[in-house]
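Topology and contacts: notes
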Amino acid sequence: MPDTISTASASQWFAPVATALGSGTGRPSVTGLHSSTAGLALTTLLHPQLGKLGSRPWLIVAGSDEAAERLFDDLHFFHDLIGLPTAPLALFPKWETLPYEGSAPHVGLIARRMNALHHVRTAPQTILVTSIAALMQRLLPVTTFTHTTLQFKLRGSIEREILTGGLLRLGYRRVSVVEIPGEFSIRGGIVDIFSTAYAEPLRVEFLGETIDSLRLFDPATQKSTAKLDRAVILPAREYLRAETSPDALAPIPVDAEWRAPDLYPDMNTLFDYFTEQPVFVLDQPAALEGACADLWGKIDDGYLRHADRETIVPYPSPERLFLSWPELMDHMNGRSTLALEPLTPSDMSWSPVQAFPAQTPSSAGLGARGMPFSQTLAIMDRLREECRVVLVARSRGQVDRLLALLREHDVPATEWTVGAWTASSKTKAPFYVLHGDLSAGFLAPDLRLAILTEEELFAKGARHKPQAKSKAATFLSSLEDLNVGDYVVHVQHGIAKYQGLKRLSVQDFDSDYLILEFAAGDKLYIPLEKLNHVQRYSGADGHAPRLERLGGTSWAKTTARVKQDIEEMAHELVDLYANRELVTRHAYG
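My aim in this report is to walk through the structure given alongside it, one point at a time.

Rules used in this analysis
Residues numbered from 1 in each chain as written. Predicted model: local features only at pLDDT ≥ 70, side-chain atom pairs only at ≥ 80, totals over all residues. Heavy atoms only, no water. Helix = DSSP H or I, 4+ residues; strand = E, 2+ residues; numbered from the N terminus. Buried < 20%, exposed > 50% of the residue type's maximum accessible area, 1.4 Å probe, protein only. Contact = heavy atoms within 4.5 Å. Areas by Shrake-Rupley, 256 points an atom, 1.4 Å probe, with all protein chains shown as cover. Axes fitted to C-alpha atoms, helices over the stretch in contact; angles between N-to-C directions. Parallel < 35°, antiparallel > 145°, perpendicular 65-115°, else oblique. Left-handed = near helix turned anticlockwise from the far one by under 90°. Nonpolar A, V, L, I, M, F, W, Y, C, P; charged D, E, K, R; others polar. Pairing = 2+ DSSP bridges. Salt bridge = Lys/Arg side-chain N within 4 Å of Asp/Glu carboxyl O. Core = buried A, V, L, I, M, F, W, Y, C linked by side-chain atoms within 4.5 Å. Phe/Tyr/Trp six-rings, centres within 6.5 Å; stacked < 30°, edge-to-face > 60°. Lys NZ or Arg CZ within 6 Å of the ring centre and 35° of its normal. Expected span 1.5 Å × (residues − 1). Lys, Arg positive; Asp, Glu negative; His and termini not counted. Polar contact = N/O pair within 3.5 Å; in protein donor to acceptor, adjacent residues only side chain to side chain.

1. Quick word on the overall build of the chain
When helices and strands are tallied, the chain shows 17 helices and 25 strands. Of all 589 residues assigned to the chain, the portion counted as buried reaches 50%. Contacts in the chain between residues at least 24 apart in sequence constitute 70% of all its contacts with a sequence separation of at least 6. Total accessible area on the chain stands at roughly 27600 Å², and carbon and sulfur atoms take up 52% of it.

2. Points about the packing of helix 3 (residues 37-46) against helix 4 (residues 65-82)
Axis separation between helix 3 and helix 4 bottoms out at 8 Å; the angle between their running directions is 50°. Classified by the angle their axes make, helix 3 and helix 4 are oblique. The chirality of how helix 3 crosses helix 4 is right-handed. For the pair helix 3 and helix 4, contact is made by Ala38, Gly39, Leu40, Leu42, Thr43 and Leu46 and by Leu71, Asp74, Leu75, Phe78, His79 and Ile82, respectively. Looking at side-chain class alone, the contact of helix 3 with helix 4 contains eight nonpolar, three polar and one charged residues.

3. Points about the sheet that holds strand 17 (residues 413-415)
Across the sheet, which stays open at both edges, the five strands sit in the order 17-18-16-20-19 with mixed pairing between neighbours. The sheet is open, and its two borders are formed by strand 17 and strand 19 (442-444), each paired with just one other strand. Going from strand to strand, the sheet's axes swing by 20° on average, the running direction of each strand aside.

4. Digging into the pattern of salt bridges
Scanning all chains against the criterion turns up 18 salt bridges. Between Arg138 and Glu327 there is a salt bridge, with its nearest N and O atoms 3.3 Å apart. Taken as a pair, Arg138 in the loop between helix 6 (132-136) and helix 7 (142-148) and Glu327 in helix 11 (residues 325-332) lie far apart in primary sequence, 189 residues in all. Lys428 serves as the salt-bridge partner of Glu385, at 3.3 Å between the closest nitrogen and oxygen. Placement of the pair is Glu385 in the loop between helix 12 (373-383) and strand 16 (388-393) and Lys428 in the loop between helix 14 (419-422) and strand 18 (431-435), with a sequence separation of 43 residues. Assessed through its relative accessible area of 43%, Glu385 is described here as partly exposed. Bridged by salt links that share partners, the residues Asp381, Arg384, Glu385 and Lys428 form one connected network.

5. Re the nonpolar core
Counting residues in hydrophobic clusters, the biggest one holds 74 residues, and the most contacted among them are Phe152 and Ile193. For this core, the element with the most residues is helix 5 (residues 107-122), which contributes six residues. Counting residues in hydrophobic clusters, the runner-up holds 52 residues, among them Leu21, Ala67, Leu84 and Leu438.

6. Description of the sheet that holds strand 8 (residues 190-193)
Pairing between the strands of a sheet comes from backbone hydrogen bonds, and it takes one of two forms, parallel or antiparallel. On the basis of which strands lie adjacent, the open sheet formed by six strands has the order 6-7-8-9-10-11 and mixed pairing. With partners counted over all chains shown, the strands left at the sheet margins are strand 6 (173-174) and strand 11 (224-227), one partner each. Two elements, strand 6 and strand 7 (residues 183-187), share two bridges in a ladder whose sense is parallel. Bridged to Arg173 within strand 7 is Glu183. This element, helix 8 (residues 160-169), spans strand 7, strand 8 and strand 9 (202-207) of the sheet and lies at about 160° to strand 7.

7. A word on the packing of aromatic side chains
Following the criterion strictly, the structure yields 15 aromatic pairs and no others. Relative to Phe78, the ring of Phe77 lies with its centre 5.1 Å away and its plane at 85°, an arrangement referred to as edge-to-face. The exposure classification of Phe77 matches that of Phe78, with both residues buried. Ring centres of Tyr100 and Trp258 lie 5.4 Å apart, and the angle between their planes is 25°; this geometry places the pair in the stacked category. Of this pair, Tyr100 sits in the loop between strand 3 (89-92) and helix 5 while Trp258 sits in the loop between strand 12 (230-233) and helix 9 (260-263), and the two are 158 residues apart along the sequence. Note on accessibility: Tyr100 and Trp258 belong to one class, buried. Above the plane of the ring of Phe217 lies Arg203, whose end atom (NZ or CZ) is 4.1 Å from the centre. The side chain of Arg384 reaches across the aromatic face of Phe431, ending 5.0 Å from its centre.

8. Here we look at unusual backbone geometry
Of all residues except glycine, most have a negative phi; of all peptide bonds, most are trans. Note the cis peptide between Ser351 and Pro352, where omega equals -5°. Within the secondary structure, Pro352 is located in the loop between strand 14 (337-340) and strand 15 (353-355). A positive phi angle, near 65°, is found at Tyr100, a position not held by glycine. A relative accessible area of 2% places Tyr100 in the buried class.

9. A closer look at helix 5
Under the 1.5 Å per step criterion, the end-to-end length of helix 5 is 22 Å for 16 residues, consistent within 8% with the ideal 22 Å. Listed in full, the buried residues belonging to helix 5 are Val107, Leu109, Ile110, Ala111, Arg113, Met114, Ala116, Leu117, His118, His119 and Val120. Summarising the contacts, the buried residues of helix 5 are in contact with strand 3, strand 4 (127-131), helix 7 and strand 12.

10. Description of the side chain of Glu341
Topologically, Glu341 is positioned in the loop between strand 14 and strand 15. No salt bridge is formed by the buried Glu341; the nearest opposite charge belongs to Arg27, separated by 9.1 Å. If we ignore the near neighbours within four places in the chain, the residues touching Glu341 are Ser29, Val30, Thr31, Gly32, Leu33, Gln284, Pro285 and Ser346.

11. A closer look at the environment of Glu183
With respect to the element layout, Glu183 can be found in strand 7. We classify Glu183 as buried; its relative accessible area is 1%. Put simply, Glu183 and Gly171 are 12 residues apart on the chain and 8.7 Å apart in space, counted from C-alpha to C-alpha. In this view, Glu183 contacts Tyr172, Arg173, Val175, Val177, Val178, Asp192, Ile193, Phe194 and Lys530; residues no more than four positions away in its chain are not counted. A polar side-chain atom of Glu183 sits 2.8 Å from the main-chain amide nitrogen of Glu179. At 3.3 Å, the side chain of Glu183 and the backbone nitrogen of Ile180 are in polar contact.

12. Observations concerning the environment of Ala355
Tracing the chain through its elements places Ala355 in strand 15. Overall, Ala355 belongs to the partly exposed group, its relative accessible area being 43%. Considered as a pair, Ala355 and Trp13 are 342 residues apart in the sequence and their alpha carbons are 9.3 Å apart.

Encoded structure:
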């Protein structure tokens with residue numbers, strides 16, 4: 001095997017593209033991209049060997065949220081593979097609501113969006129991946145976002161009224177116990193806030209008006225998971241009133257985001273959040289333009305449907321909420337822009353054009369159903385003459401299984417380390433195995449690299465992430481045939497009885513609540529937005545389960561024990577299938 005390292009090979013291949021982007025106005029195009037090769041191409045361009053492109057912010061635009069998330073995962077994989085830090089990577093999703101739909105975006109999506117905006121504002125080298133739909137949407141002003149965000153510092157001080165008012169203005173709801181992002185509770189000198197900035201809620205302990213402790217905690221066990229010196233509270237809604245507004249502390253209406261242009265003098269765009277000019281990347285520009293046109297058709301339809309209704313205050317017109325394709329191009333014209341294409345450039349304006357030298361694994365005969373493993377090994381061994389062959393497993397258990405399987409067939413195999421990327425050797429490298437999440441593999445002999453996923457290795461078929469469902473979809477589908485007195489399971493508190501629905505007014509905001517009855521007659525009211533925390537009880541027919549005590553510890557112990565049992569079972573299954581694979585493969589040998 002030639003001793004030229006993979007990093008140098010890839011860097012030399014993409015040098016013309018890097019030079020064009022480094023000029024500040026270049027419009028290069030990389031063609032021949034498929035599966036995960038776009039992720040490798042972009043990661044290579046970000047490598048320090050190709051200059052200072054990695055020290056600039058990037059804005060990468062895909063045709064859909066699904067494509068953006070897939071590209072984001074691939075970028076994360078290749079950054080890990082070659083040893084680049086993954087901290088600069090961020091994903092900015094769209095709202096999953098139809099245009100002018102009279103409902104608030106899900107708080108989980110708002111959390112991801114606010115984290116991405118915060119990342120762009122505070123980390124100048126952000127590599128932001130988004131979709132055309134998310135890029136088209138106008139955003140709340142940058143100054144409003146930065147000035148409204150709350151900052152906590154250990155030993156710092158804040159008045160309780162200012163804290164409560166700030167949380168309400170950010171769209172947080174006051175509850176008795178925080179369970180999902182966008183909630184806060186106050187119990188004496190302890191304030192729990194499920195900030196959209198973190199995956200777990202924050203507990204702030206006060207000594208007077210001084211912050212004595214900042215901790216993240218597990219909402220199920222209430223145990224601390226991390227101590228912090230600083231903390232940030234990002235918005236839970238994308239409609240932030242001014243502190244001086246007469247209704248600053250009033251509940252935010254469910255459709256408020258669609259009325260944001262009436263609240264602010266000017267709306268901003270995602271481009272405005274960057275502190276310096278980013279490098280733009282367009283995944284198939286012609287397809288993006290077509291997707292933009294299709295989205296505008298849906299936007300106009302949504303606006304006209306709402307305009308037909310009798311309403312006192314109409315929604316703002318579409319051009320106040322969304323950008324058109326020409327407006328998007330105005331932000332990019334004359335600036336470094338890279339086009340990613342599966343075949344050829346969409347027009348003659350893109351130059352230079354660099355073809356990515358990669359093929360699918362199937363082109364080498366890999367992944368055919370029914371192929372003996374010995375034949376698969378022979379093909380892979382020929383690849384090993386020219387390339388580093390990297391096998392990607394979806395779990396740690398699969399890594400161990402693959403290593404054992406390869407060694408059982410007397411072929412050299414080792415777990416991947418970052419040092420292997422730059423290692424130089426005149427002899428054939430072993431097969432490398434690593435744990436990761438990659439959309440698909442490829443063969444790139446010119447770059448001396450072949451990457452195969454376990455699906456391609458064992459002809460399991462393409463791996464697809466399941467379509468994301470509404471958080472409440474599972475429960476809503478069974479709510480219609482749920483009767484008062486039926487047993488249900490709350491994810492945090494355990495088994496209870498469903499006692500119907502009740503409409504309550506909380507902080508001047510009317511909403512429907514499920515009533516759950518626990519042991520000793522204790523009742524818990526669950527707002528409809530938390531339906532995903534409740535499911536129908538499935539047990540033996542005729543068996544009445546024991547109700548859990550609200551606030552007790554038995555349910556947490558039960559779930560912890562079940563989790564441990566499942567982990568032990570998983571380890572046993574991994575060993576079982578590894579042994580079965582070895583026996584089966586010997587039969588083909």
